[in-house]
Every structure is written in structure tokens, then in C-alpha cells.
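Below are the chains, spelled out letter by letter.
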2 protein chains.
Amino acid sequence: MDAAEFRRRGREMVDYVADYLENIEQRPVYPDVEPGYLRSLIPTEAPMEPENYDDIIRDVERVIMPGVTHWHSPYFYAYYPAASSYPAMLADMLCGAIGCIGFSWAASPACTELETVMLDWFGKMLQLPECFIAGTHGHGGGVIQGTASEATLMSLLAARCKAVRWVQASNPKKSEAEIFSKLVAYTSEQAHSSVERAALIGGVMMRKVPTDNCFAVRGDILKEMVEKDKAAGLIPFYFCATLGTTPSCGFDSITELGPICNGENMWMHIDAAYAGSAFICPEFRPLLNGVEFADSFNLNPHKWLLVNFDCSTMWVKNRADIIGAFKMEPLYLKHENQESGLVTDYRHWQIPLGRRFRSLKMWFVFRMYGLKGLQAHIRKQVALAKEFESLVRADKRFEICAEVILGLVCFRLKGSNELNQKLLKMITKSREIHLVPCQLSGRFVLRFAICARATESRHIQQAWQHITQLTFELLQEPNH
Amino acid sequence: MDAAEFRRRGREMVDYVADYLENIEQRPVYPDVEPGYLRSLIPTEAPMEPENYDDIIRDVERVIMPGVTHWHSPYFYAYYPAASSYPAMLADMLCGAIGCIGFSWAASPACTELETVMLDWFGKMLQLPECFIAGTHGHGGGVIQGTASEATLMSLLAARCKAVRWVQASNPKKSEAEIFSKLVAYTSEQAHSSVERAALIGGVMMRKVPTDNCFAVRGDILKEMVEKDKAAGLIPFYFCATLGTTPSCGFDSITELGPICNGENMWMHIDAAYAGSAFICPEFRPLLNGVEFADSFNLNPHKWLLVNFDCSTMWVKNRADIIGAFKMEPLYLKHENQESGLVTDYRHWQIPLGRRFRSLKMWFVFRMYGLKGLQAHIRKQVALAKEFESLVRADKRFEICAEVILGLVCFRLKGSNELNQKLLKMITKSREIHLVPCQLSGRFVLRFAICARATESRHIQQAWQHITQLTFELLQEPNH
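Residues numbered from 1 in each chain as written. Chains lettered and ligands numbered in written order. Predicted model: local features only at pLDDT ≥ 70, side-chain atom pairs only at ≥ 80, totals over all residues. Heavy atoms only, no water.

The name an unreviewed UniProt entry gives chain A is Aromatic-L-amino-acid decarboxylase, with Lates calcarifer as the organism. Reading the Subunit (unreviewed entry) entry of the UniProt record for chain A gives the comment "Homodimer." Its UniProt record, at the heading Pathway (unreviewed entry), says of chain A: "Catecholamine biosynthesis; dopamine biosynthesis; dopamine from L-tyrosine: step 2/2." (UniProt positions renumbered as here; feature names shortened; annotations may be inferred.)

1. Brief notes about the relation of the copies chain B and chain A
Turning chain B through 180° and shifting it by 0.0 Å along the axis lays it on chain A, with an RMSD of 0.0 Å. What we have between these two chains is a two-fold relation. Comparing interface residues between copies, 100% of those in chain B also lie at the interface in chain A; the contact surface is shared. (Least-squares fit on C-alpha atoms with pLDDT ≥ 70 in both. Contact = heavy atoms within 4.5 Å.)

2. Thoughts on the domain arrangement of chain A
It is common to give the size of an interface as the accessible area lost on bringing the parts into contact. All names here are of chain A. Looking at the assigned domains, one finds that chain A contains domain 1 (3-83) and domain 2 (100-356). Computed over C-alpha atoms, the centres of domain 1 and domain 2 are 36 Å apart. On the side of domain 2, 14 residues touch domain 1, which itself brings four residues to the contact. Of the roughly 580 Å² buried at the junction of domain 1 and domain 2 (both faces included), carbon and sulfur atoms supply 64%. Among the residues domain 1 hides against domain 2, the three largest losses belong to Tyr80, Pro81 and Ala83. Together they make up 97% of the total. Viewed at the interface, domain 2 and domain 1 are joined by zero salt bridges. Run the count over domain 1 and domain 2 and you get three residue pairs in polar contact (both at pLDDT 80 or more). When the residues that make up the side of domain 1 that touches domain 2 are grouped by side-chain class, the tally is four nonpolar, no polar and no charged. (Domains from an automatic or database assignment. Buried area = accessible area lost by both parts, 1.4 Å probe. Salt bridge = Lys/Arg side-chain N within 4 Å of Asp/Glu carboxyl O. Polar contact = N/O pair within 3.5 Å; in protein donor to acceptor, adjacent residues only side chain to side chain. Nonpolar A, V, L, I, M, F, W, Y, C, P; charged D, E, K, R; others polar.)

3. Some points on the packing of aromatic side chains
This structure, assessed with the given rule, holds 44 aromatic pairs over all chains. Positioned over the ring face of Tyr80(A) is Arg447(A), at 4.8 Å from the centre of the ring. (Phe/Tyr/Trp six-rings, centres within 6.5 Å; stacked < 30°, edge-to-face > 60°. Lys NZ or Arg CZ within 6 Å of the ring centre and 35° of its normal.)

4. Re the interface of chain B and chain A
Chain B puts 146 residues into the contact, and the matching count from chain A is 146 residues. A buried area of about 12900 Å², summed over both sides, lies between chain B and chain A, and 68% of it is on carbon and sulfur atoms. The interface formed by chain B and chain A includes 16 salt bridges. Along the contact surface separating chain B from chain A lie 58 residue pairs in polar contact (both at pLDDT 80 or more). Counting residues per element, the side of chain B that touches chain A draws most heavily on helix α1 (residues 3-22) of chain B, which supplies 16 residues. Partitioned by chemical class, the residues of the side of chain B that touches chain A number 87 nonpolar, 30 polar and 29 charged. (Helix = DSSP H or I, 4+ residues; strand = E, 2+ residues; numbered from the N terminus.)

5. Digging into the packing of helix α12 (residues 359-393) of chain A against helix α14 (residues 457-476) of chain A
Residue and element names in this part refer to chain A. Packing of α12 against α14 brings their axes to within 10 Å, and their N-to-C directions diverge by 30°. Judged on the interaxial angle alone, α14 and α12 are roughly parallel. Here α12 runs over α14; the crossing is right-handed. Contacts between α12 and α14 involve Leu384, Glu387, Phe388, Leu391 and Val392 on the former and, on the latter, Ser457, Ile460, Gln461, Trp464 and Ile467. Looking at side-chain class alone, the contact of α12 with α14 contains seven nonpolar, two polar and one charged residues. (Axes fitted to C-alpha atoms, helices over the stretch in contact; angles between N-to-C directions. Parallel < 35°, antiparallel > 145°, perpendicular 65-115°, else oblique. Left-handed = near helix turned anticlockwise from the far one by under 90°.)

6. What about the pairing of strand β1 (residues 141-145) of chain A?
Residues and elements named next belong to chain A. Where burial is concerned, most of β1 is hidden: five out of the five residues are buried. Of the two faces of β1, the one holding Gly141, Val143 and Gln145 and the one holding Gly142 and Ile144 are both buried throughout. Pairing geometry for β1 and strand β7 (residues 312-316), over five bridges, is antiparallel. Within the sheet, the bridge partner assigned to Gly142 lies in β7 and is Trp315. (Buried < 20%, exposed > 50% of the residue type's maximum accessible area, 1.4 Å probe, protein only. Pairing = 2+ DSSP bridges.)

7. Some remarks on the side chain of Asn300(A)
Residues and elements named next belong to chain A. Position of Asn300 among the secondary structure elements: in the loop between β6 (296-299) and α10 (301-304). We classify Asn300 as buried; its relative accessible area is 1%. With near-sequence residues (within four places) excluded, Asn300 lies in contact with Ala148, Ala272, Ala273, Ser277, Cys311 and Ser312.

8. Description of the nonpolar core
Counting residues in hydrophobic clusters, the biggest one holds 311 residues, and the most contacted among them are Ile64(A), Phe297(A), Trp363(A), Ile64(B), Phe297(B) and Trp363(B). Counting residues in each nonpolar core, the second largest holds 74 residues, with Val143(A), Ala191(A), Ala151(B) and Ile235(B) among its members. (Core = buried A, V, L, I, M, F, W, Y, C linked by side-chain atoms within 4.5 Å.)

9. Observations concerning the environment of His139(A)
Residues and elements named next belong to chain A. Here His139 lies in the loop between α4 (109-125) and β1. Relative accessible area serves as the criterion here: at 61%, His139 is assigned to the exposed category. With residues up to four places along the chain from it excluded, the contact list for His139 reads Lys317, Asn318 and Arg319.

10. Here's the deal with the UniProt feature "modified residue: N6-(pyridoxal phosphate)lysine" (unreviewed entry) in chain A
All names here are of chain A. Under the local residue numbering, the UniProt record ascribes the feature "modified residue: N6-(pyridoxal phosphate)lysine" (unreviewed entry) to Lys303. The topology assignment puts Lys303 in helix α10. The residues touching Lys303, leaving out its near neighbours within four places in the chain, are Tyr80, Pro81, Ala82, Ala83, Ala273 and Tyr274.

11. Things to note about the environment of Pro66(A)
Residue and element names in this part refer to chain A. Mapping Pro66 onto the fold places it in the loop between α2 (53-64) and α3 (86-98). Given the relative accessible area of 35%, Pro66 is considered partly exposed. In sequence terms Pro66 and Gly407 are 341 residues apart; their C-alpha atoms lie 29 Å from each other. With residues near it in sequence (within four places) discarded, Pro66 still touches Pro31, Asp32, Val33, Val60 and Glu61.

12. With respect to the pattern of salt bridges
Applying the stated criterion across every chain, the model contains 72 salt bridges over all chains. We note a salt bridge from Arg458(A) to Glu25(A), for which the minimum N-O separation is 2.9 Å. In this pair, Arg458(A) is assigned in helix α14 and Glu25(A) in the loop between α1 (3-22) and α2, connecting sequence segments 433 residues apart. Residue classification places Arg458(A) among the partly exposed positions, given a relative accessible area of 48%. The partly exposed category is assigned to Glu25(A), whose relative accessible area is 30%. Here Glu51(B) makes a salt bridge to Arg367(A), at a shortest N to O gap of 2.9 Å. Residue Glu51(B) is located in the loop between α1 and α2 (53-64), and its partner Arg367(A) is located in helix α12; the two belong to separate chains. On the basis of relative accessibility, which here comes to 26%, the residue Glu51(B) falls in the partly exposed class. The exposure class assigned to Arg367(A) is buried, which follows from its relative accessible area of 5%. Each of Glu5(A), Arg8(A), Arg9(A), Glu12(A) and Asp54(A) takes part in one network of salt bridges that share partners.

13. Some thoughts on the state of the cysteines
In protein structure, a disulfide is the covalent linkage between the sulfur atoms of two cysteines. Residue and element names in this part refer to chain B. For the structure on display, the rule yields zero disulfides over all chains. This cysteine, Cys249, is not joined by any disulfide, and Cys410 carries the nearest cysteine sulfur, 8.4 Å off. Cys410 supplies the cysteine sulfur nearest to Cys401, a cysteine that is in no disulfide, at a spacing of 6.6 Å. (Disulfide = S-S within 2.5 Å.)

14. A closer look at helix α8 (residues 219-231) of chain B
Residues and elements named next belong to chain B. A rise of 1.5 Å per residue sets the reference length of α8, with its 13 residues, at 18 Å; its end C-alpha atoms lie 18 Å apart and thus fit the reference within 8%. Of all the residues in α8, the buried ones are Gly219, Leu222, Met225, Val226 and Asp229. With its buried residues spanning 135° around the axis, α8 presents them on a single face. Across from the buried face of α8, at angles greater than 90 degrees, the exposed residues are Asp220, Glu224, Lys228 and Ala231. Buried residues belonging to α8 abut β2 (183-188), β3 (205-209), β4 (235-242) and α9 (254-264). Trailing α8 by a residue or two, Gly233 shows a phi angle of about 85°, which is positive. (Expected span 1.5 Å × (residues − 1). Arc of directions from axis to C-beta.)

15. Some thoughts on the sheet that holds strand β8 (residues 398-400) of chain A
Strand pairing in a sheet relies on backbone hydrogen bonds. The paired strands run either parallel or antiparallel. Residues and elements named next belong to chain A. Across the sheet, four strands lie side by side as β8-β9-β11-β10; this open sheet has antiparallel pairing. Two strands close off the open sheet at either side, each with one partner strand: β8 and β10 (436-440). Adjacent strand axes in the sheet meet at a mean angle of 40°, parallel and antiparallel pairs treated alike. Here β10 pairs with strand β11 (residues 443-449) via five bridges, running antiparallel. The partner of Pro437 across the bridge, within β11, is Leu446.

16. Quick notes on the packing of helix α13 (residues 417-430) of chain B against helix α14 (residues 457-476) of chain B
Residues and elements named next belong to chain B. Between α13 and α14, the least distance of the axes is 10 Å, while the angle of their chain directions is 125°. On the basis of their axis angle, the class for α13 and α14 is oblique. Crossing angle aside, the handedness with which α13 passes α14 is right-handed. Residues Leu419, Lys422, Leu423, Met426, Ile427 and Ser430 of α13 form the contact with α14, whose own contacting residues are His466, Ile467, Leu470, Thr471, Glu473, Leu474 and Leu475.

Following this line, the structure appears as C-alpha cells:
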């Protein structure tokens, strides 16, 4: 395919994309396929000779679309949102064309520098404390990670390295392995599974901290656990707080937890993967109070801020901590400007070496929406969640299971877990809307998350009508 | 921006991308900017109100392009190639529009299933042993990682977990920490820095194995090191072989190393990030002989097989090994089909949770080029490297520093490291071509890698003319 054909096929693809998103409501949100469906639809081997492009495009509808869960359908209420916007898609096209691998400043200065400045822009939108802003002389700054899982892992590894140095400063003879075996990390029992995974990867113990009746970790309980572990000769070194937990969008009490972590010389990382985007609105910013105690902070614009996946923004107070965790300098990656204070080599900030020019997406989105446009997007989706909450509350058969603070509503039928499992099965089977469950205090709960940019009030009303219709059918069954 | 505007802007962007790539030769390959250049060109904060799209596009030329290292310029010979092709870019547009996060089968069945089948297609193109093919009943199979660094880390973590289980089977009382402290991993002294980094992350020792005069690890030396470590009470558990090292494109002797690893119950991972793509050509396939001994194998189509970054393909013999390393199942990620043998939940195969629909790029590229077209691409670039090698060999002032097997030529001026450093500085400063150095047996060496898809014989001739012109100037200087 030469440039001329790309011009033609590119235009067709732009139209295909626009058509897809404009008419997405007409597709069933959840696919009706069985595991293994795709293999039988395509050859068992790659072709020897080039094929015709038209055949490939035809196969997108024949092979791919029947098996797609449509995350941008207004009938998709599962998990948490995946961001999508036209400006981000345009920026991604540009990113693909430039196609640089920005592991160091020299590998593409624009790729590195736009990222640093975009993280500063975003940090200011979030009113982060000055210490997280890179500026021209700051010790902190931001980076785009692929996912929140990687941000959590990076923070845990940085904390582990810092803890080893700190212990060895007074006990130079203690081996790394010996110290590792005493390190203890903490996180909420409601935290995302990736936090526990980070500890498994890092080879350190992780304790799950019980939460209060709002599914939040409180200071006194962490304090107690830390004291107990210290008394047993262990070394508490890391706490991962969550703002906006995955099950119920709960918020750990970081104003209580931060001072404890600081006092105990424990790294505090804040995972605000979903909820963080909301903090650009003044009315939600108080939820981030206490961030000044954190060593690192992460949120996913690719969830709720209209920047297509992947774009997980992370800030650190002290870039030396994260770089120091495993800086390595082979000759083929060295370059002239490396020792300048202005130069950032982002490969030291992340697990992978290579990286795409992802800050272009942030730049396009921030400028095409403006802060006000982005705030409007958040507010609209919170209002839709509140609308759904009202519908649930008005129906005496149902109950709300956690305070609705942002765009997630946790609800259930009053009654057994089995009843609710049945209801969810009926919902999934009908394929009209899509949601997933969670477990809260041993109860099986349905999660209704406002996801698609295209979701409007009428979709919420329709979804509720559908749920109540299925509920009616369910409760008609003889054994209820 | 609504769909109608996206249609218009999307067409413009397609043209911008085509223009950029058609005229890339006219841009200096390496940017003439100082660290911090970008910050002064844009505002210090994000705008409150939406901006005009035309202003953003104007800023791409004003702010971004002056700071871009043009990886797809035919004058770019640095690092290793980053792949780029029009079919991959079209597929990426589709990927962005679908915008699913394919962490589990249910999150988008097509995303998971196309990936499994594409890895089978590709595995067959590479003539991988049957045990690496998923098929419908296989125990092995493939996955797309973001980068080779992640593939290496995943293999090391899987090996670590397997080693712990194996030790604990006979010594149930041995703690994980105790075992970790005895584990030893091995890799070539020529291996990529990410391999050492994987060991740092995993908290295990890593030994660098010396190489022979072809920069290859040989069986006897590994055997000797393993025996010594075992005698000291340590537990050798992992060897990362490299096929196509970063400094010189050297090849570890996996036919010798494989049986040793198998005999010692050590996991053998093969990192063929760059060179692996060449194995689709029968004449280069012998370089992969010995893969049957490996537990996992990785290469980057996003380097040399025309699939835009990121796309790093990894196969494992036993998927249970990699999944078992840290499988976790929170309720919000469970789904009905989970226990079926046909279902793959790729989140267990990788560090991040989220993942893009990257197999679309492979599907488009494989079909638009066909196996023959891809082989032609590899062969053309190898021929260009051989052409450059001949030019170097014909000039008595220069020497070739490592056998030219694929698309990389390592060369230097006969003389001091300082002389060669000076030559590279002149090359970098002139900005007409771009290359990076490496260190081989203590000598400073220039690496000339055939990178861009657009590179032709005339560019090679021009590059060599340029290098000899600078050499002439350098050798004219009074102190030489």
C-alpha cells in the first residue's frame, strides 16, 4: 500500500469510524458468541500472497464486529468507562505516523518534553501541590504510564528500593534478600487486584486493611496494623491508598492516612484511576485533600477524561526516588544532553523501555475541550448517575449499597445474593444493557457505571425500565 | 467535535500523515533543539475554553516537528528499526474506534480470539514447534506484550514462581523469601539492559555470562557458572538467551544452551526482539534452531515486521506456567465462560490489566503484505546492510567489528576510541544521518542499522559518502 492508496483507504476508514460511533446504539452491546467462535471464521494460516483490502474490510463486519463488546455504546454500564473522543483519535493517528519510540530525550525530544509539560498542565488542573509539578527546576513531575497497574508497581518498586537503602544506612551488613523478607506493604481490602499483584511481583508481603462502613480505610486501623507488624520485627514501607475503589467507588481517608505514612517513613501512593479525573471540578477536589502527604499519585485520563487508552498519568514528589529504583545506562542509550537537569529520560520511570507519543492525545483533548468542556463532561456523567440512583431509590424492591459520589451506582434487589445473581444473568442474557457485579460486605451487588460519552438521560431511563421489566419477570417465577 | 467534524478533520489528518511520510526526507533526521525548547513555545496552563482545531494543527509544525527525531526517515540508522506501514496505521484507527479494553475474554471476545489466532498464524510463519501453538487444544500459545522488556519480566516472574514451587515441593518449610535469596538468573553480558532490570524488579540475582569472540554465549561457560553456583548452595532457575543482541546482533548458541537449561530445570527464555522477524525467511530460520528447548520466546513485530509499535509477540510452551505466576480473580472481572478451556483471559499473561486491540494490526499487515511481501521486506533490508558492509570493507581506513548477519553493521575507524567518538560527534552534529554507538570488547563502535521502510540503495550510498567526507575532515585535523 503506497501513500496514494493510504489517502483513499484512510478516508474510508475515517468514515467507517464515524459511522461506527454514530450508529453504535443499533448494535447489541454485548456479543452473542461462544468461546472459540472466531477461529472457524478465518483461515488457519496467514496468506502467502497479498490480499485485497476490500476483503479485509468486509471481514471487519463478518469476523470482528460480531464478537465485540461495545464499550462506547450508551448501553454499556460495566466496569468503569474507557475514554473515547474524536480529538484523541486524531492525535493517535499523528502519533502513529511520527512513530517515534521515546525512551530517552534524544530519541525524540518533542515526545519527552510535551509529556512533561502536559503533566504540568494537568497537575495544575487538578490543583496538585507545587512539589508534584516539574516546571524547570522542580524535583517532582509527571509521566504517562500505560495503566494504573504499572503506576502502582513502579511506586512499590521505588518504595522498596528506598526502604532497602534506608535500612542499610544503619545496618550495612543486612542483605537485600533479608530486608525484602521483612518488608510489609498495605492496601485496602477494597483495592484493585493489581495492587496485590504488584506486591507479588515485587516479592514483598502485602496486608489487606479492613474498611469502615463506607468501604474506606481509616487511620486508626492502619496505625494499629503497622504497630503490630513493627512489634513483630517487620518493616512497614508502603501504603497504596485508593480514591474511587473499583467495587463501590469508595474513598480512603488520606487526610488521616497520610500523616501516619509520613511519620512511619512509609511511601504513600494514591491510586485514583477512575475517580481522579473528577478532581478537575472544584466541587470534587476536596476528595483529593491529603494528596500533599503522598509520594506518588496516579489517575487514568483513559478512563474518564476523553483521552483514548492508553494514558495513565502519574506524578511523583521526588523523581530521584523513581529513577533511582533501577537506572541503567548502556552505551547505545546514552546521549549528549543526558546530564542536563532539563532532560528527562522517561525509560527510567517505567517498566517498558519503548513508549509511544501519547502526550499528543492529552494536548489535543485539553485544547479541543478546554478545562470547562472537560468539567462539563464529568458533571454530566455524575448527574446521570444521580438520575439512576433516584430511580432505584424510588423503587422499594431495591436498595442502594454505597453512597453515590461520582458516576457509579451500586444497587441490588432486597433479598438473597442468589436472587441478584439471577437478575444479573437475565440482564446479561438479554444483551440490551451490560453491567458487571461486585461484592460488598459479602453481598452480591450490581454495579451501574456511566461509561459512554454518548450516554444521555433517555438511555438511563430505558436501562432502568429494562431492569424493572426483568425484575418483574424474575419475581413472577414460582419460587419467589 | 462531532462526527461530522471528525470526518472532515480525519481526512485532513490522513493527508497530513501521507504528506509527512512522503516528504520525510526533506526534514533533518535529528532535531536541532536544546533541552527545554518546547516549554517556552506553549502556554504554561491548559486553556479554560475550547480552542480552534486549526490552531492546534498549526502548532504541530511550530511546536512538535522541530523537536522530532524522525525514526522513519531513510537517514535514520540508529538503535533498531521501529516498524511503520500504512495497513498497520489503518488497523490502529479501527482499534482506537472500537476502544475496548480486552483484559478478559468477556470484555471483548474478538479482541482476545483474534490475538490467539494471529499468534498461531505468526508462530506457523516462524515454524515454531507445535507446542507453542494454541490451536484448540494446545497447552501453549501466544500473547501480545507491549515491549520485549515486559516479555522478559513476565518470563522471569513465571520462572521464579515455578522455582519456588519446585523447591517447596521437597522442602515445604522453606519460606519464599529464603528461596528468593538463593535464586540465580543468567544472561549474556551483551543482553539488553531490560534483562538485568527484570531481575532487579523480581528481586533475584542475575549473572552476566561472558561471550565468545562472536559475542555469543556458549554452552560450556554457562554450564561452568551453573555448577559453581550450585556448589555454593544457590539455585540456578532462569536463563535469558538473546538472538540478535542490541550492540552487535550476536546470537547466543541456543542449541548448546537449551539442553543445559532443560537438564538443570532452568527456564530458558529467548529474546529475539529485533532479529526474530527475519526467521520468517527460510534462509534465516536456522538461527532459531534450538527454540524447541525454550520455555518462552519473544520478538517484536513492531521493530522489523511493519506492525507499528506496540506489538511484542511472546509464546509460551505451557500457558499454565505464566498464568499461574499471579492469577487473581476479583468478582468484577469474573464472567460466565471463564472456566471453558477455549477461553483465554490475557490479563493473567501480562503486567498491565488493560490492553488495546493490537492484533488488528497484525491481521491487516499479514493480509496486505502476505508472507512473501514480509519476506521481501526483510531481504531488502538485509541486502542494504550488506551493501553498506561492502562499502566499509572497501575502505582500508575502516574495519567491520562483528559479522553482518541481518540489518546491522558495526564498524569503526581503525584507531582509538577517541577518534571514533569524534567521528560520531561530527555525524550527530551534521544531522544528515543519525546513528548511535555501542561498546564491543572495550572498543567504541558505530552501529549502522537499516531502519526505515523507505530506505533505498541511494540513501546507503549517500550515507557512506557523508561518513567518508566527515572522516576526511576529521583526519585532516592537525593532531591526527
